[in-house]
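# Structure assessment
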Amino acid sequence: MIIRIFENKVYKIETDIKDDLFLEINKTGGFKSIESLPFSNFNKWKIVNNEIVVDEEAEQEIIAKMYEREVEQLLNNTAKTHRYDSIDTACSYASVENPFQEESKLFVAWRGNVWAYCYQILNDVKEKKRAIPSLDELMAELPKFESQIV
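Our subject in this report is the structure included herewith. In this text the structure is predicted, and so the values were computed from the model without any measurement.

### Some details on the packing of aromatic side chains
For the coordinates displayed, the defined rule picks out seven aromatic pairs. Judged by centre distance (6.0 Å) and plane angle (50°), the ring pair of Y84 and Y93 falls under tilted. Under the relative-accessibility criterion, Y93 is labelled partly exposed at 31%. Between the aromatic rings of F107 and F145, the centroid separation amounts to 4.0 Å while the plane-to-plane angle is 15°, which identifies the pairing as stacked. Note that F107 is positioned in helix 5 (residues 101–126) and F145 in the segment after helix 6 (135–141), a separation of 38 residues in sequence.

### What to know about helix 5
Here helix 5 spans 38 Å end to end across 26 residues, near enough to the 38 Å set by a 1.5 Å rise per residue. Following helix 5 by one or two positions, K128 adopts a phi angle in the positive range, close to 60°.

### Some points on the pattern of salt bridges
Evaluated as defined, the whole model comprises four salt bridges. A salt bridge links D88 to R111, with the shortest nitrogen-to-oxygen separation between them at 3.3 Å. Of this pair, D88 sits in helix 4 (residues 87–91) while R111 is found in helix 5, placing the two residues 23 residues apart along the sequence. Assessed through its relative accessible area of 25%, R111 is described here as partly exposed. Across the pair K105 and E102 runs a salt bridge whose closest N-O atoms are separated by 3.8 Å. Of this pair, K105 and E102 both sit in helix 5, separated by three residues, roughly a single helical turn.

What counts, and at which threshold
- Residues numbered from 1 in each chain as written.
- Predicted model: local features only at pLDDT ≥ 70, side-chain atom pairs only at ≥ 80, totals over all residues.
- Heavy atoms only, no water.
- Phe/Tyr/Trp six-rings, centres within 6.5 Å; stacked < 30°, edge-to-face > 60°.
- Buried < 20%, exposed > 50% of the residue type's maximum accessible area, 1.4 Å probe, protein only.
- Helix = DSSP H or I, 4+ residues; strand = E, 2+ residues; numbered from the N terminus.
- Expected span 1.5 Å × (residues − 1).
- Salt bridge = Lys/Arg side-chain N within 4 Å of Asp/Glu carboxyl O.

In structure tokens, the structure reads:
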């Protein structure tokens, strides 16, 4: 178990990683290494009136960052299946007439729809209109890329 204090919040992390290895990886005090651990290993805490309580806002922020990485990976992997290096490359052909322009426009629209959907979920979770979806649930809900180009 590792206890981290970051911006006056206390994080208790259950992990099999040795403390010295974790601290070596995470010298900056940021979340980089913490975020790479599975969500189920987190207990988020903060101090309120000298008591340690669950910090739902921090939990949502950490989950959002982890999910953003997965969504970005989905976008990139989908673009790669269409022979582009990344989603950015796939979208880069949209503004100028060229043989890839129409497909590029489809990628631009899809990327925008995916992120709009993600941000709507975040807002719904913050407003307690829905529970935090599992990663599998989120990925299943996202708009699918439908290329009309053969």
